[in-house]
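Results of the structural survey
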Amino acid sequence: MSESWEQRRRREAREMDAAIRSTFARRQSNAELRSELEALAQRPWFREFSWLWGPSLHVRDRVLFRPLILSWLRVGNLTAAGAWVDPWQGENAAALETWLADVDRFDDVEVFRRLYEWRQQGLGSRKAEARWREDLTQRFRDARTRAARHLVLSKLDVETGRLDEATALALDDVDAELARPFIRARLPFAWGPLVPLEKQHAMWTTLRERLLARGDTELAWVVYRRLVTEDAWRADVLALTQSVTESQALVRALEERHPDIAPAGAAEVFVELAEKRGRDVVPYLLAHLSAVFPRWTGYGFRGKRKNAKGLPELLELCRVRGWEDVWGTALRTSATAETFDKEVLSLVHDAKADPTVTRGRLLQVAGTGGEWNQPGFGITRVLPLTDTTAVMLYARFPELLRGPFRMHVSSGWHSSYPELVGRALERRDEELLDFLASRAATQALPTHSGNKRQREWTRVLDALATHYEELPKEDGVFARRAANVLGAIPAYALWADKTLLSQNRLARLLLMRSDDLYLADPRAVRDLLESPQIHVQALAFRLLGRDSPRARELAANNTDVLQAALLRPLHRRTRMMAFTALTNAALHDVDTARRLLPRMRDTFALPDTRYPKEALVEVMAKVLQRWPELRGPAETPRVFSKSPREAHP
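Fair warning: this is a prediction, and the values are worked out from it, not measured in the lab. (Residues numbered from 1 in each chain as written. Predicted model: local features only at pLDDT ≥ 70, side-chain atom pairs only at ≥ 80, totals over all residues. Heavy atoms only, no water.)

1. Describing the pattern of salt bridges
Side-chain pairs of opposite charge can arise where the charged atoms are in close proximity. Following the criterion strictly, the structure yields 54 salt bridges and no others. Between arginine 319 and glutamate 316 there is a salt bridge, with the nearest N and O atoms lying 2.5 Å from each other. Note that arginine 319 and glutamate 316 are positioned in helix H17 (residues 311–321) at a spacing of three residues, about one turn of the helix. On the basis of relative accessibility, which here comes to 40%, the residue glutamate 316 falls in the partly exposed class. For the salt bridge of arginine 402 with aspartate 429, the shortest nitrogen-to-oxygen distance reads 2.7 Å. Here arginine 402 is found in helix H22 (residues 398–402), whereas its partner aspartate 429 is found in the loop between helix H23 (418–427) and helix H24 (430–440), with 27 residues between them in sequence. Overall, arginine 402 belongs to the partly exposed group, its relative accessible area being 23%. Exposure remark for aspartate 429: the relative accessible area of 7% places this residue in the buried category. Beyond isolated ion pairs, a larger network of salt bridges with shared partners links Arg66, Asp108, Glu110 and Arg114. (Salt bridge = Lys/Arg side-chain N within 4 Å of Asp/Glu carboxyl O. Helix = DSSP H or I, 4+ residues; strand = E, 2+ residues; numbered from the N terminus. Buried < 20%, exposed > 50% of the residue type's maximum accessible area, 1.4 Å probe, protein only.)

2. Concerning the layout of surface pockets
Considering only enclosed or pocket space, the largest pocket measures out at about 1700 Å³ in volume. Of all the elements in the fold, those that place two or more residues in the lining of the largest pocket are strand S2 (304–306), helix H19 (337–349), strand S4 (377–381) and H24. The leading source of residues in the lining of the largest pocket is S4, at five residues. Split by residue class, the lining of the largest pocket holds 20 nonpolar, 16 polar and eight charged. (1 Å grid on protein atoms, 1.4 Å probe; cavity = no way out; pocket = protein on both sides within 12 Å on 5 of 7 lines; lining within 4 Å. Points joined across faces, edges and corners; volume = space filled by probe spheres on them. Nonpolar A, V, L, I, M, F, W, Y, C, P; charged D, E, K, R; others polar.)

3. Description of the environment of leucine 311
As for its position among the elements, leucine 311 is in helix H17. The spatial distance from the C-alpha of leucine 311 to the C-alpha of alanine 330 is 8.0 Å, given a sequence separation of 19 residues. When near neighbours in sequence (up to four residues on either side) are disregarded, leucine 311 contacts Ala267, Val292, Ala330, Ser334 and Ala335. (Contact = heavy atoms within 4.5 Å.)

4. Focus on the packing of H23 against helix H25 (residues 452–469)
Interaxial distance between H23 and H25 falls to 9 Å at its minimum, and their mutual angle equals 20°. Between H23 and H25, the crossing angle belongs to the class labelled roughly parallel. The interaxial crossing formed by H23 with H25 has left-handed handedness. Across the interface between the two elements, Pro418, Glu419, Val421 and Leu425 from H23 touch Glu456, Arg459, Val460, Ala463, Leu464 and His467 from H25. (Axes fitted to C-alpha atoms, helices over the stretch in contact; angles between N-to-C directions. Parallel < 35°, antiparallel > 145°, perpendicular 65-115°, else oblique. Left-handed = near helix turned anticlockwise from the far one by under 90°.)

5. Examining the confidence of the model for the chain
In this model, the chain carries an average pLDDT of 90, and 94% of its residues clear a pLDDT of 70 or more. Considering only residues more than four positions removed or in separate chains, one finds that residues 298–303, a stretch of pLDDT under 50, has four contacts. (pLDDT = per-residue confidence, 0-100.)

6. Section: helix H34 (residues 572–588)
Think of an α-helix as 3.6 residues a turn; residues three or four steps apart then line up on the same face. Taking 1.5 Å of rise per residue, the 17 residues of H34 would be expected to cover 24 Å, and the 24 Å separating its terminal C-alpha atoms lies within 8% of that figure. Of the residues making up H34, those classed as buried are Thr574, Arg575, Ala578, Phe579, Ala581, Leu582, Thr583, Asn584, Ala585 and Ala586. Contacts from the buried residues of H34 go to helix H31 (534–544), helix H32 (549–557), helix H33 (559–562), helix H35 (590–603) and helix H36 (613–626). (Expected span 1.5 Å × (residues − 1).)

7. A few points about the pairing of strand S3 (residues 370–374)
The sheet contact formed by S3 and S4 spans five bridges and is antiparallel. Following the sheet pairing, asparagine 373 is matched in S4 by glycine 378. Two successive antiparallel strands, S3 and S4, enclose a turn made up of two residues, where glycine 376 displays a positive phi of approximately 80°. (Pairing = 2+ DSSP bridges.)

8. Quick notes on the nonpolar core
Membership of the largest hydrophobic core comes to 127 residues, with the highest contact counts inside it found for Phe405, Leu420, Leu506 and Tyr518. Broken down by element, the residue count for this core peaks at seven residues, all from helix H15 (residues 266–277). Ranked by size, the runner-up nonpolar core spans 57 residues in total, among them Ala168, Leu171, Leu178 and Leu187. (Core = buried A, V, L, I, M, F, W, Y, C linked by side-chain atoms within 4.5 Å.)

9. Focus on unusual backbone geometry
In this model, aspartate 107 sits at a positive phi of 60°, which is unusual for a non-glycine residue. The residue aspartate 107 is located in the loop between helix H5 (93–105) and helix H6 (109–121) in this model.

10. As for a positive patch on the surface
Residues Arg295, Lys304, Lys306 and Lys309 make up a contiguous surface patch of positive charge. Note on lysine 309: relative accessible area 52%, which makes it exposed. (Patch = residues over 30% accessible without salt bridge, like charges linked within 9 Å, V, L, I, M, F, W, Y side chains within 5 Å. Areas by Shrake-Rupley, 256 points an atom, 1.4 Å probe, with all protein chains shown as cover. Lys, Arg positive; Asp, Glu negative; His and termini not counted. Charge placed at Lys NZ, Arg CZ, Asp CG, Glu CD.)

11. Examining empty space enclosed by the protein
Enumeration over the complete set of coordinates arrives at one cavity of 30 Å³ or more. Taken as a whole, the largest cavity spans an internal volume of roughly 60 Å³. The wall of the largest cavity is formed by His58, Arg62, Arg66, Ile69, Trp99, Val103, Phe106, Asp108 and Val111. Of all the elements in the fold, those that place two or more residues in the lining of the largest cavity are helix H4 (66–72) and H5.

12. Remarks on helix H20 (residues 355–365)
Thr358, Leu362 and Val365 are the residues of H20 that are buried. Projected down its long axis, H20 carries its buried residues within an arc of 60°, all on one side. Looking at the buried side of H20, the elements it contacts are helix H18 (324–334), H19, helix H21 (387–396) and H22. Glycine 367 lies just past H20 and shows a positive phi near 120°. (Arc of directions from axis to C-beta.)

As structure tokens, this is what we get:
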């Protein structure tokens, strides 16, 4: 019987503990010890034994082992028995405290900060916060020079640290100029979804008065925006409508006071501002309508989203006053999908309205509602239309559905748009069909056979697959259309490809059953290579790696794109397919091989230990065997034989 994950963790923890202790028990040089530990670090749970190897390495040579410590030190600790512990409270506490005191004495800021945060996590949030503030205040007061005070702030600049007003005032008393950026960076949040009611902070009135008296209005307003409560903010901004008469000055004053955390009742305040000052506040509203967002009601799968309080009133006010810019922005960024769909449907239904006016209003609401971007990851919020609304919009304004509203009919878990697909098929609308097919090709069917959504998806996939199967194969018609579909699939939209191919008839047609048709059209192959979706690129690699003159010719013609596969991050299986395509390109003609070989040689300098360099050596060997004139001095075989004197005595 195979071991459970818990049994495996305990076994691996026991083995790691024994391996580390055995390594330190052997007599060896520091360089040998570092090499052994770096090898051990590749095994599971090495980080979790920082309490065991960290203090010993610091005592042995704190400079030599510092890079290894910073690379592998982790907050999270296992014993040999596989139990999670806080080593700062047990028998290892003395060694860890000594280590912390040493790095503090040597002013090793980065290691000190790691160890300090590690110790803080075992105290609990309240005790840790109080201790951090106490340490910060005492150390900052004891520091005699500005350089020493700067060092204190650097050491205690921990992510979990949040100031209170007493600590901020203490720092300001000692060195206001130096403490200013630190106070700004470590301000708490007065309220919000992550701050319980009992922990909400009061406004730092004393510090704000001091800052204003000093003339530091910027930091004073930063403190205000972070700590102001919703009720206080409402009262302040409504008072501005009476005290500030000039419109631009009013907008500046509103911007100064807008909270860092979006207030739950922001829409209600916006309505009151608009009623009191009219168009004067529109620039402020447009800048901050993203602070209004739907709220959840209910829990779990029964939960539904409702509009924020005040949003319906804001939409009605904008409609009555003709503020189409505010109305469109609020609807696109802040409304629920149901409200968005209802508004679009009412516009399309209104046959008495001037079509030009209706088209302009529709353009006001089309597009993304918001974006959240992080390195390597981003989310865009787009409100979908229902199938009924999409069909009516397509009937009246087909160019809008193909253009700005196309993103609002991207099929997914919410809808497969069977009626819209049927209308597009009737019209033979290639542009819209290719877009709809690009989304449908990514959809795995719901698992329940009686599910209405599954029946709709089956209907859509069968209709689209039949349409593309019936396209003419001559003159590259099918290849061009199919490549358009695959090229429009967004990055990271295909997951669980085996399940998808087994369930989705359209995906099987496009990704598995049309290889020869793609190879017949060079433009289609190029489109596949330039697709943002890696599975589509892998299809192109597979096509160009086939053992045929046509594949080799096309591979050579697309060398500029193919060569990027040498350096870009790829899964091993995909990279091996790319290597095959590159081999075909290099074997096609000597000029292509001459362009690719330097790129291949450069690849050996990559630090990636998982890169299949042995497979690349095989590729280069084939190319150099085919084109011996491209061999470098180190790549020319040398045959040693007897000297002429020995051969002919």
